[in-house]
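Chain by chain, the residues run as shown.
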Amino acid sequence: MKKKIIISGITFFFGSIFFMLLFFTLISGGSADAQSNGDPYGGIQQVMPNMTEQQFLDAMSKPAIDSFHQYGVFPSVTIAQSILESGWGKSGLTKIANNLFGIKAYNWTGPSVSMQTSEVYNGMTETIEDKFRVYPTWQDSVMDHGKFLAENSTYKDHGVFSAKDYIAQANALKDAGYATEPDYPTLLITLIKEFNLDKYDKQ
């Protein structure tokens, strides 16, 4: 009887490992195909734990510029948001879901993941659990970020897409309710100035 229990336990253990590996393979899927097809984003589909700040900026610049041409969000703003929201690509949500911007799974038919997040309500920070979108690659996250803003009339109504520069656009994002953090525009603008991100707006 004890032998059967031991064997069952071993089977369950290795079975659990198999399903865990399968889950993470599905989450990070598409990376090999993208690289083999000469995809210009090849290599940024999965988090690099030792990625430097400059490597992160280099990885984000092209998709941010492409998103700007398609949707109208300044590359400097997109990159600054990705830095702030993902902690330079090292946040738990980014590692699990390739979600660089903390976009939640509202009106979303794709895969999602539940995570804890901090929200500011009436000046008080609260920790809640919410569902977030899961993406195959970082490129998908960047493009969906632009699409998410462009298709939501609130952002247009608050001047996000009529903004003439990154300062106006950062403030318009806050006015439209993108983030509950009161200093959100200041944080974005500080990052843009510190890392000279507005150079990407000219490309």
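## Quick notes on helix H6 (residues 138-150)
Working step 1: An ideal rise of 1.5 Å per residue puts 18 Å on 13 residues; H6 measures up with 19 Å between its terminal C-alpha atoms.
Working step 2: The N-capping residue of H6, defined by a side-chain oxygen 3.3 Å from the backbone nitrogen of Gln 139, is Thr 137.

## Some remarks on the confidence of the model for the protein
Working step 1: For the protein, the average pLDDT comes to 80, and 70% of its residues sit at 70 or higher.
Working step 2: Counting contacts from residues 1-44, a segment whose pLDDT is below 50, to residues more than four positions away or on other chains yields 26 contacts.

## Observations regarding the packing of helix H4 (residues 75-86) against helix H9 (residues 184-194)
Working step 1: Where H4 contacts H9, the two axes come as close as 9 Å, and the packing angle between them is 110 degrees. One finds that H4 runs roughly perpendicular with respect to H9. From H4, Ser 76, Val 77, Ala 80, Gln 81, Ile 83, Leu 84 and Glu 85 reach across to H9, where they touch Tyr 184, Leu 187, Leu 188, Leu 191 and Ile 192.
Working step 2: Within the contact of H4 with H9, the residues separate by chemical class into nine nonpolar, two polar and one charged.

## Here's the deal with the pattern of salt bridges
Side chains that differ in sign of charge can pair as their charged atoms come close.
Working step 1: Taken as a whole and judged by the stated rule, the model has four salt bridges.
Working step 2: For Asp 144, the salt bridge identified is with Arg 133, shortest N-O distance 2.8 Å. Placement of the pair is Asp 144 in helix H6 and Arg 133 in strand E2 (residues 124-133), with a sequence separation of eleven residues. Accessibility classification places Asp 144 together with Arg 133 in one group, the buried group.

## Here's the deal with the side chain of Ser 76
Working step 1: Its location among the elements puts Ser 76 in helix H4.
Working step 2: Using a relative accessible area of 0% as the deciding quantity, one classes Ser 76 as buried.
Working step 3: There is a polar contact of 2.8 Å between the side chain of Ser 76 and the side chain of Asp 201.
Working step 4: With residues near it in sequence (within four places) discarded, Ser 76 still touches Tyr 166, Ile 192, Leu 197, Asp 198 and Asp 201.

## Quick notes on the packing of aromatic side chains
Each aromatic ring pair is described using two quantities: the centre-to-centre distance and the angle formed by the ring planes.
Working step 1: For the structure shown, the criterion picks out eight aromatic pairs.
Working step 2: An angle of 70 degrees between the planes, with centres 5.1 Å apart, marks the rings of Trp 88 and Phe 195 as edge-to-face. Residue Trp 88 is located in the loop between H4 and helix H5 (92-97), and its partner Phe 195 is located in the segment after H9; the two are separated by 107 residues in the primary sequence.
Working step 3: Classification of Trp 88 by relative accessible area gives buried; the value is 17%.

What counts, and at which threshold
Residues numbered from 1 in each chain as written. Predicted model: local features only at pLDDT ≥ 70, side-chain atom pairs only at ≥ 80, totals over all residues. Heavy atoms only, no water. Helix = DSSP H or I, 4+ residues; strand = E, 2+ residues; numbered from the N terminus. Expected span 1.5 Å × (residues − 1). Polar contact = N/O pair within 3.5 Å; in protein donor to acceptor, adjacent residues only side chain to side chain. pLDDT = per-residue confidence, 0-100. Contact = heavy atoms within 4.5 Å. Axes fitted to C-alpha atoms, helices over the stretch in contact; angles between N-to-C directions. Parallel < 35°, antiparallel > 145°, perpendicular 65-115°, else oblique. Nonpolar A, V, L, I, M, F, W, Y, C, P; charged D, E, K, R; others polar. Salt bridge = Lys/Arg side-chain N within 4 Å of Asp/Glu carboxyl O. Buried < 20%, exposed > 50% of the residue type's maximum accessible area, 1.4 Å probe, protein only. Phe/Tyr/Trp six-rings, centres within 6.5 Å; stacked < 30°, edge-to-face > 60°.

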